[in-house]
Amino acid sequence: MRRIVLVGRNGSIRAHAERYARFEDTTVAGVVLDSDSGTDSDSGTDPLDGIDAPRYDSLATALDTVGAHGVDTCGSGVGRTDTIDTALSADVPVRCDPPLSLDDAATERLVSRASTGTGWVLVRSPHRFSRLYDRLRAGVETGSIGTIGVARIKRTAPFDGPGWNVSYAGVQRENPVEDVLCEVLAHDFDVLEWTFDAVERVFVRTRSGEGYAHGHALLTFRGGGRATVETTWGRDDAPAPRLHVEYSGNHGRLDFHERDAATALSDGRRCLTVDPIEDDCRGRSLRAFVDSVRGEKRHPETVSDRAATRIAIATRRSADCGKPITLTGDDT
């Protein structure tokens with residue numbers, strides 16, 4: 001039985017705990033809430049009621065107590081450098097959503113820490129485990145669009161209801177708006193590098209107002225082609241479609257939108273049943289982590305898939321200076 005300790009905000013912890021509960025070989029051995037989590041201020045109830053796992057005031061205490069096989073940071077690594085460092089110091093593998101950090105020095109410190117022990121960090125977007133994104137990637141690989149011209153991803157979600165739109169899950173909107181947008185954009189950066197090619201250049205514009213934040217990123221791939229990624233978060237009534245993904249090339253186009261995402265896949269004649277939570281994209285991403293933890297050997301990479309973090313860091317720089325940023329070979 002793999003014992004996993006969950007760290008994060010209450011809503012994200014609940015979502016992950018519900019999925020781990022469906023795995024016969026896994027148990028949630030402990031929970032560590034972020035300092036700004038707690039009871040539901042409106043109802044006075046505990047959002048984690050029903051989760052059968054002890055709570056700890058620190059990850060160090062949890063690791064000393066439960067003999068954990070893995071630590072799941074339920075959200076991105078941004079703002080949780082100490083959590084990841086604590087897990088690695090204890091030689092315990094840890095996963096998080098991208099980006100690992102929005103700071104070069106913090107990222108390199110974690111990479112160095114992982115390289116000196118037996119712990120490792122798995123940084124992958126749950127979107128990589130989506131059957132829809134996998135179908136698009138397979139189409140690209142088999143030549144359905146030919147040479148990439150432009151990939152476009154646009155998504156919108158209200159602050160309090162991302163639902164299936166997992167890019168927004170676990171992101172703390174109290175952070176600086178540029179950090180928030182980079183955390184959300186990083187999911188799409190991860191999928192784009194996974195699908196196409198290394199990103200060579202990034203330019204982003206952000207804006208925010210009362211109740212909303214918007215980012216528009218332009219990426220240039222090393223081998224040619226571009227991608228535009230737009231994300232908007234905060235409008236109470238998000239405009240439709242809330243998600244649209246399109247990959248275009250000289251031979252054709254592939255795309256999907258939120259209705260496809262909400263109904264999983266079509267077999268060409270009808271929509272298939274929505275995936276159960278343990279087999280949706282986030283459930284499959286957690287399954288991949290557990291399967292890696294189960295292995296007797298060290299994970300082959302100290303920090304899996306740093307590309308999305310590197311692009312997010314460059315995007316954060318671009319937001320600060322208002323200019324395009326070229327990634328170096330080390331960045332990619």
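Details of the structure are given in the entry above.
Here the structure is a predicted model, which is why all the values come from computation and not from measurement. (Residues numbered from 1 in each chain as written. Predicted model: local features only at pLDDT ≥ 70, side-chain atom pairs only at ≥ 80, totals over all residues. Heavy atoms only, no water.)

A. Focus on the pattern of salt bridges. In total, this model carries 23 salt bridges according to the counting rule given. Here Glu141 ties to Arg137 by a salt bridge, and the two come within 3.7 Å at their closest N and O atoms. Taken together, the positions of Glu141 and Arg137, both in helix H5 (residues 131-141) and four residues apart, correspond to about one turn of that helix. Residue classification places Arg137 among the partly exposed residues on the basis of a relative accessible area of 22%. Arg152 is paired through a salt bridge with Glu246; the nearest N and O atoms lie 3.0 Å apart. (Salt bridge = Lys/Arg side-chain N within 4 Å of Asp/Glu carboxyl O. Helix = DSSP H or I, 4+ residues; strand = E, 2+ residues; numbered from the N terminus. Buried < 20%, exposed > 50% of the residue type's maximum accessible area, 1.4 Å probe, protein only.)

B. Fine view of the sheet that holds strand S3 (residues 70-76). With parallel pairing, the six strands of this open sheet are ordered in space as S2-S1-S3-S4-S5-S12. Where the open sheet ends on each side, the last strands, each with one partner, are strand S2 (26-33) and strand S12 (303-304). With seven bridges connecting them, strand S1 (residues 2-8) and S2 associate as parallel partners. Within the sheet, the bridge partner assigned to Arg2 lies in S2 and is Thr26. In the packing of helix H1 (residues 10-20) onto the sheet, the strands contacted are S1, S2, S3 and strand S4 (94-97), and the crossing angle to S1 comes to about 160 degrees. (Pairing = 2+ DSSP bridges. Contact = heavy atoms within 4.5 Å. Axes fitted to C-alpha atoms, helices over the stretch in contact; angles between N-to-C directions.)

C. Region of the structure containing the sheet that holds strand S10 (residues 243-249). Pairing within the open sheet is mixed, and its seven strands lie in the order S11-S10-S6-S9-S8-S7-S13. Both edges of this open sheet fall to strand S11 (253-257) and strand S13 (325-326), since each of them pairs with a single strand only. Inspection of the sheet shows S10 paired to S11 by five bridges, in the antiparallel sense. Residue pairing for S11: His244 is matched across the bridge by His257. Its contacts with the sheet place H5 against strand S6 (148-157), S10 and S11, and it is angled at close to 175 degrees to S11. Each of strand S7 (199-209), strand S8 (212-221) and S13 touches helix H9 (residues 307-321); the most contacted strand, S7, lies at about 55 degrees to it.

D. Summary view of the packing of helix H3 (residues 81-89) against helix H4 (residues 104-115). Between H3 and H4, the shortest axis-to-axis distance is 9 Å and the interhelical angle comes to 10 degrees. Compared by their axis directions, H3 and H4 come out roughly parallel. Residue-level contacts link Thr81, Ile84, Asp85, Leu88 and Ser89 of H3 to Ala106, Arg109, Leu110, Arg113 and Ala114 of H4. In terms of residue class, the contact of H3 with H4 is made up of five nonpolar, two polar and three charged. (Parallel < 35°, antiparallel > 145°, perpendicular 65-115°, else oblique. Nonpolar A, V, L, I, M, F, W, Y, C, P; charged D, E, K, R; others polar.)

E. How the structure looks around H1. Within the span of H1, buried status applies to Asn10, Ser12, Ile13, His16, Ala17, Arg19 and Tyr20. Against the buried residues of H1 lie S1, S2, S3, S4 and helix H8 (281-294).

F. Fine view of the pairing of S2. Taking burial as the measure, the eight residues of S2 include six buried ones, the bulk of the element. Viewed along the sheet, the connection from S1 through H1 into S2 turns out right-handed. (Right-handed = clockwise from strand over helix to strand, strands pointing away.)

G. Representation of the packing of aromatic side chains. Under the counting rule described, the total for this entry stands at six aromatic pairs. For the ring pair Tyr168 and Trp233, a centre distance of 5.5 Å and an interplane angle of 50 degrees mean the geometry is tilted. Taken together, the residues span a long stretch of sequence, with Tyr168 in the loop between S6 and helix H6 (177-195) and Trp233 in strand S9 (residues 226-233) at a distance of 65 residues. A relative accessible area of 3% means that Trp233 is categorised as buried. The interplanar angle of 40 degrees and the centroid separation of 5.5 Å between the aromatic rings of Phe196 and Phe221 together place this pair among those described as tilted. Of this pair, Phe196 sits in the loop between H6 and S7 while Phe221 sits in strand S8; the two residues are 25 residues apart in sequence, bridging distant segments of the chain. Each member of the pair, Phe196 together with Phe221, is buried. Taken together, Phe196, Phe221 and Tyr247 form an aromatic cluster joined through their ring pairs. (Phe/Tyr/Trp six-rings, centres within 6.5 Å; stacked < 30°, edge-to-face > 60°.)

Shape is all these values report; function is a separate question.
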